[in-house]
Amino acid sequence: QVQLEESGGGLVQAGGSLRLSCAASGRTFSSYAMGWFRQAPGKEREVVAAISWSGGGTRYADSVKGRFTISRDNAKNTVYLQMNSLKPEATAVYYCAGGHTIVVIRTTPVYWGPGTQVPVSS
């Protein structure tokens, strides 16, 4: 199985950039699609981005298209979320997730990380 842990969260100023990392343990990481979710206070958890097992396919929420980039390095068992032009409304706890396909990631992820906080100041 796969265990996930996020890192890289922290206070960032509006308009700034931040890169989140998700380290995976286990021998089957490369076979899983991966994704990033976020949950703001008082709001539902929403998918931000997803990437196929090979890295050849990506999907983004409309709210972050053109500003966020998801990528992965299977040799390092790590998935990244590069966040640029951050807005205060992006403030949330960001979670790493894993599943068998991008469709699974967007609906019912199998694995979850504990989350990392990203406060965006105005």
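Heads up: these notes are all about the structure in this document.

Description of the overall build of the chain
- Helix and strand counts for the chain come out as one helix and 12 strands.
- Walking the chain from its N terminus toward its C terminus, one meets helices and strands in the order β-β-β-β-β-β-β-β-β-α-β-β-β.
- Taken over the C-alpha atoms alone, the chain extends approximately 40 × 25 × 25 Å along its principal axes.
- Considering the chain as a whole, with its 122 residues, one finds that 45% of them fall into the buried category.
- The long-range fraction of contacts in the chain, counting pairs at least 24 apart against all pairs at least 6 apart in sequence, stands at 58%.
- Roughly 6,300 Å² of accessible area belongs to the chain as shown, and the carbon and sulfur atoms make up 47% of that amount.
- Placing the 12 positive and 7 negative side-chain charges of the chain at their respective mean positions leaves the two points 5 Å apart.

Here we look at the sheet that holds strand S8 (residues 78–83)
- Here we have four strands laid out as an open sheet, ordered S1-S3-S8-S7, and antiparallel in their pairing. Here the strands that pair on one side only, and so sit at the sheet edges, are strand S1 (3–7) and strand S7 (68–73). Adjacent strand axes in the sheet meet at a mean angle of 20 degrees, parallel and antiparallel pairs treated alike.
- Of the strand pairs in this sheet, S7 and S8 are connected by six bridges, and their pairing is antiparallel. Paired with Phe68 across the bridge in S8 is Met83.

Let's talk about the packing of aromatic side chains
- The full count for this structure, using the stated rule, is three aromatic pairs.
- For the pair Tyr32 and Tyr111, a centre-to-centre distance of 5.4 Å together with 70 degrees between the ring planes defines the contact as edge-to-face. You can see Tyr32 sitting in the loop between strand S3 (18–25) and strand S4 (33–39) and its partner Tyr111 sitting in strand S10 (residues 111–112), a full 79 residues away along the chain. No difference in accessibility class separates Tyr32 from Tyr111, as the two residues are buried.
- With a centroid separation of 6.4 Å and an interplanar angle of 85 degrees, the aromatic rings of Tyr95 and Trp112 are classed as edge-to-face. Here Trp112 lies in strand S10 and Tyr95 lies in strand S9 (residues 92–99), a separation of 17 residues in the sequence.
- One aromatic cluster is present, built from ring pairs that chain together Phe37, Tyr95 and Trp112.
- In this structure, Arg45 is placed above the aromatic ring of Tyr95, and the distance from its NZ or CZ to the ring centre is 3.9 Å.

Some words on the pairing of S3
- Direction of pairing for S1 relative to S3: antiparallel, over a ladder of five bridges. Across the sheet, residue Glu5 finds its bridge partner in S3, namely Ala23.
- Where S3 meets S8, six bridges bridge the pair, whose relative direction is antiparallel. Opposite Ser21, over in S8, you have Tyr80 as the bridge partner.

Examining the pattern of salt bridges
- Scanning all chains against the criterion turns up two salt bridges.
- Across the pair Glu46 and Arg38 runs a salt bridge whose closest N-O atoms are separated by 2.9 Å.
- Among the salt bridges present, the one from Asp62 reaches Lys65, with a minimum N-O distance of 3.1 Å.

Parameters and conventions
- Residues numbered from 1 in each chain as written.
- Predicted model: local features only at pLDDT ≥ 70, side-chain atom pairs only at ≥ 80, totals over all residues.
- Heavy atoms only, no water.
- Helix = DSSP H or I, 4+ residues; strand = E, 2+ residues; numbered from the N terminus.
- Buried < 20%, exposed > 50% of the residue type's maximum accessible area, 1.4 Å probe, protein only.
- Contact = heavy atoms within 4.5 Å.
- Areas by Shrake-Rupley, 256 points an atom, 1.4 Å probe, with all protein chains shown as cover.
- Lys, Arg positive; Asp, Glu negative; His and termini not counted.
- Charge placed at Lys NZ, Arg CZ, Asp CG, Glu CD.
- Pairing = 2+ DSSP bridges.
- Axes fitted to C-alpha atoms, helices over the stretch in contact; angles between N-to-C directions.
- Phe/Tyr/Trp six-rings, centres within 6.5 Å; stacked < 30°, edge-to-face > 60°.
- Lys NZ or Arg CZ within 6 Å of the ring centre and 35° of its normal.
- Salt bridge = Lys/Arg side-chain N within 4 Å of Asp/Glu carboxyl O.

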